Amino acid sequence: MSGSLPPLEGSNGNSRLEGSNGNSIELTDIRKSFDGTTRVLDGITASINDGAITTILGPSGTGKSVLLKHIVGLLEPDGGEVRVFGQDIWRISLAERYELRKRFGVLFQDGALFGSMDLYDNVAFPLRKHTDRSESEIREIVMNHMREVGLEAAIGKAPNEISGGMRKRAGLARALVMRPDVLLFDEPDSGLDPVRTKLLCELITQVHKEHGGTYIVITHDIASARTLSDYVGVLWQGKLVEYSEAQEAFDSEDPFVHQFLSGDAVGPLGMD
Ligand SMILES: Nc1ncnc2c1ncn2[C@@H]1O[C@H](COP(=O)(O)OP(=O)(O)OP(=O)(O)O)[C@@H](O)[C@H]1O
């Protein structure tokens, strides 16, 4: 299953509808192999709905992170087209691609913070590097987002002095300061206990409601997907075997999708 999905009623879509389907991220027949024989991505076509939270699920090693890297232009497909904000990102110059990337925020698993800086400087970093805002403007923006993610009291801490969940929240604040149109999350729930996972997912939902934007979340945690998703894509063996509104995906009768989304031991997915 692939293609363009209808917008959700009441979804807070932004106004930058520049793709051919009206969406900012359009993937057409993306193929990728690293060894020349195994296709990690084997013909992925999807139009990611603007203003919604789309979750990409799938078993370990199935290509979720590889897909995410294609969306942000860190990996070039062997075939197919990645259109972002109306442009084929591999038919534009490096400088143009760099400009496009500024409209993306990426939240890596551990927050990808600089160990040598405290949380305040980590979150201020992109504003200092990419804007000419004054230090007082930067302070206001940074503190607003630190408050939003519940880290106001921890601004002076180093990344190694705080918990994994706090590092993720600091990474979220750092991604938000640049007001990205698209925010990509690579397994935001990895390494968290179920309660912290639930709280982080609720925070992501809340932040999305507040700021809007298009969120793409990579995860293999079904509970996270249930909390977060407007839309769900399921990757398996290089294909997007499901791509639909969340409830439709969770109700799917496709044997693999059903097994994976219900966490069932019985079905086509085995140990290998
Ligand atoms: N740069 C690379 N060079 C070679 N192989 C790679 C590269 N990046 C990813 N792969 C391979 O592509 C496959 C998919 O990897 P990917 O990290 O996308 O999986 P995933 O679905 O995100 O897995 P997980 O849920 O365990 O994080 C794996 O077999 C991996 O070894």
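Residues numbered from 1 in each chain as written. Predicted model: local features only at pLDDT ≥ 70, side-chain atom pairs only at ≥ 80, totals over all residues.

Glancing now at the domain arrangement of the protein. Each assigned domain of the protein is listed with its residue range as follows: domain 1 (3–103 + 180–262) and domain 2 (111–178). The distance between the C-alpha centroids of domain 1 and domain 2 comes to 25 Å. Counting residues at the interface gives 11 residues for domain 1, matched by 11 residues for domain 2. For the side of domain 1 that touches domain 2, the leading source of residues is helix α6 (residues 194–211), giving five residues. Among the residues forming the side of domain 1 that touches domain 2, the class breakdown is seven nonpolar, two polar and two charged. (Domains from an automatic or database assignment. Contact = placed C-beta atoms within 7 Å. Helix = DSSP H or I, 4+ residues; strand = E, 2+ residues; numbered from the N terminus. Nonpolar A, V, L, I, M, F, W, Y, C, P; charged D, E, K, R; others polar.)

Two numbers describe how helix α3 (residues 119–130) lies on helix α5 (residues 164–176): the axes approach to 7 Å, and their chain directions differ by 30°. Taken together, the axes of α3 and α5 are roughly parallel relative to one another. Read as a crossing pair, α3 and α5 show a hand that is right-handed. Counted together, L119, N122, V123, F125 and P126 of α3 and A170, A173 and R174 of α5 form the full contact between these two elements. Partitioned by chemical class, the residues of the contact of α3 with α5 number six nonpolar, one polar and one charged. (Axes fitted to C-alpha atoms, helices over the stretch in contact; angles between N-to-C directions. Parallel < 35°, antiparallel > 145°, perpendicular 65-115°, else oblique. Left-handed = near helix turned anticlockwise from the far one by under 90°.)

The next subject is the sheet that holds strand β8 (residues 182–186). What the six strands build is an open sheet, ordered β7-β8-β9-β4-β10-β11; its pairing is mixed. Looking along the sheet, the strands with just one partner apiece sit at the ends: β7 (104–107) and β11 (239–245). The mean angle between the axes of side-by-side strands here comes to 15°, regardless of whether they run parallel or antiparallel. In this structure, β7 lies alongside β8, joined through four bridges in parallel fashion. Opposite F104, over in β8, you have V182 as the bridge partner. Against the sheet, helix α1 (residues 64–71) makes contact with β4 (53–57), β8, β9 (214–219) and β10 (231–236), and its axis sits at roughly 155° relative to β9, the strand it touches most. (Pairing = 2+ DSSP bridges.)

What follows is about unusual backbone geometry. Residues other than glycine seldom take positive phi values, yet E187 does so here, at roughly 45°. Overall, E187 belongs to the buried group, with 21 C-beta atoms counted inside 10 Å. Positive phi outside glycine occurs at Q237, with the angle close to 50°. Secondary-structure assignment places Q237 in the loop between β10 and β11. Taking the C-beta count within 10 Å as the criterion, Q237 has 16 such neighbours and is therefore assigned partly exposed. (Buried ≥ 20, exposed ≤ 12 C-beta atoms within 10 Å, placed from the backbone.)

All right, on to the site of the ligand then. Residues in contact with the ligand, as listed here, are F34, V40, G58, S60, G61, T62, G63, K64, S65, V66 and H220. Taken together, the residues of the shell around the ligand break down into three nonpolar, seven polar and one charged. (Near = placed C-beta within 6 Å.)

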